Every structure is written in structure tokens, then in C-alpha cells.
Amino acid sequence: MSGYRLEGQAKVLKESEFEVVLSSIRNTSRYPLRDIAIMQISFRCGLRAKEIAGLNIEDVVELDGSLKEVCTLRSDITKGSKVGKAFLSNIELRNALVEYLAERIENCTEDRALFISQRGQKRFSPNTMVKLFSRLYKEAGAHGCSSHSGRRSLASSLIKKKANIYQVQKILRHNSINTTAVYFSEDEDTLSSLLR
């Protein structure tokens, strides 16, 4: 896969490369609906592994059973312990969550975690979620990818769509604009296109 990667940083995936990862999950995962939903929420919302592991069913599902448009991220699962928002507006993400939730709610355990480790029927820890990402990327041949690749890929995608730095900061929930600025300076394709 050709997406770019700076030294010490998780690889950024293009949409076509992300589709290869999803295809691999469909063909090799024991729990494809769960794993595709996890990948989609990483890639489309830019959530960190700790945040994904900490999500509860009610964080994404309304009382009437419909999927929320905006997920409120509780302070106990976010970096910096600040309440945040994740926008569940992408259609591929919504479809993946609806499919997965039909299976998850049917087999609901006492644990209200959105994503559970099937082996233990309990919530993922942040560490086991990171390991799941590593395994899924490895099985897909996506070398250099980690649990942070979805977040970095979302930032790159937003920049290519001409989102301004403040919009990217809001979506990624960065405390400092300086953190967001790094993504703008790293996006090699966008920088290269400026010179054409």
C-alpha cells in the first residue's frame, strides 16, 4: 500500500487502501461486522483506540433504537478527560454500525459496551483494542498502520476536501491549533498539488 508515513507516525491510508483493509476483514475476520464497524468509526470519526473501546451502546443509539447523528464522548474515555463529540454522518459508517448493532443487541450481554471481545464477552481495554487494529492491518498487508491510522487518514481526507484548520481541529478535538497544524504540514499530496 502506497499511503504516506512520516518517521515514527502511523501510516495515512487513501480511500482505496482503506477499502482493501475492509475487504480483508470481510474475508478473514471471525467477527467481520464488529471489526468493520470499528474500522469505520476510526476512519470516519477519527476516534482514538481508548475512545472506541470505551463507547457504550447508548452513546450511538437513541432511546427509540435509531442511530444518533452525533455521539457524545464521555470525559472518562477521552484524552484530556474532556467531553467531546463525534459526528456519525458518513453513510458507510452508519451502515456498518446498523449492521453490527443488529447482531450486537441480539446477543447483548450485561456489559453495555458497544464493542466486545467475543472471546470474553466483555469490553475491550484500550490495549486490546490497539492490538486488534494491529492484527487487522497486518492481515490486510497494510504495513506501517496502527490504531492511529484512521485518525490521521481522516485529517488528511478533510484537508483534501479543503476543510480549514479550525474545522479539522473541531472534528479531531485537538486542544491546541498547533497540534492540528502538524497535519496540514504533513499532507504531502496536498503540498505537492500546490506546486502543480
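Here, every reference points to the structure presented above.
These notes cover the structure that comes with them. Quick caveat, the model's predicted, so the values are computed rather than measured.

### Description of the overall build of the chain
In step 1: Scanning the chain for helices and strands turns up ten helices and four strands.
In step 2: Helices (α) and strands (β) of the chain occur, in sequence order from the N terminus, as α-α-α-α-β-β-α-β-β-α-α-α-α-α.
In step 3: Within the chain, the fraction of its 196 residues that count as buried is 45%.
In step 4: If you take every contact in the chain between residues at least 6 apart in sequence, the share linking residues at least 24 apart comes to 55%.
In step 5: As presented, the chain carries roughly 10300 Å² of accessible surface, and 52% of it is formed by carbon and sulfur atoms.

### Describing the packing of helix H2 (residues 32-45) against helix H7 (residues 149-160)
In step 1: Relative to each other, H2 and H7 sit at 40 degrees, their axes nearing to 6 Å. One finds that H2 runs oblique with respect to H7. For the pair H2 and H7, contact is made by Ser 42, Phe 43, Arg 44 and Cys 45 and by Gly 150, Arg 151, Ser 153 and Leu 154, respectively.
In step 2: When its residues are assigned to classes, the contact of H2 with H7 shows three nonpolar, three polar and two charged.

### Focus on the packing of aromatic side chains
In step 1: Tallying each qualifying case throughout the model produces three aromatic pairs.
In step 2: Residues Phe 18 and Phe 43 carry aromatic rings whose centres are separated by 3.7 Å and whose planes lie at 5 degrees to one another, so their mutual orientation is stacked. With Phe 18 in helix H1 (residues 15-28) and Phe 43 in helix H2, this residue pair connects regions lying 25 residues apart in the sequence.
In step 3: We classify Phe 18 as buried; its relative accessible area is 0%.
In step 4: When its relative accessible area of 6% is taken as the criterion, Phe 43 is described as buried.
In step 5: Plain terms: the ring middles of Tyr 100 and Phe 115 are 5.2 Å apart, the flat faces sit at 25 degrees to each other, and that makes the pair stacked. In this pair, Tyr 100 is assigned in helix H5 (residues 91-106) and Phe 115 in the loop between H5 and strand E3 (116-117), connecting sequence segments 15 residues apart.
In step 6: The class of Tyr 100 is buried, set by a relative accessible area of 0%.

### Observations regarding the side chain of Ser 24
In step 1: By the element assignment, Ser 24 lies in helix H1.
In step 2: When residues no more than four places from it in sequence are discounted, the contact partners of Ser 24 are Ser 29, Glu 139 and Ala 140.

Calculation criteria
Residues numbered from 1 in each chain as written. Predicted model: local features only at pLDDT ≥ 70, side-chain atom pairs only at ≥ 80, totals over all residues. Heavy atoms only, no water. Helix = DSSP H or I, 4+ residues; strand = E, 2+ residues; numbered from the N terminus. Buried < 20%, exposed > 50% of the residue type's maximum accessible area, 1.4 Å probe, protein only. Contact = heavy atoms within 4.5 Å. Areas by Shrake-Rupley, 256 points an atom, 1.4 Å probe, with all protein chains shown as cover. Axes fitted to C-alpha atoms, helices over the stretch in contact; angles between N-to-C directions. Parallel < 35°, antiparallel > 145°, perpendicular 65-115°, else oblique. Nonpolar A, V, L, I, M, F, W, Y, C, P; charged D, E, K, R; others polar. Phe/Tyr/Trp six-rings, centres within 6.5 Å; stacked < 30°, edge-to-face > 60°.

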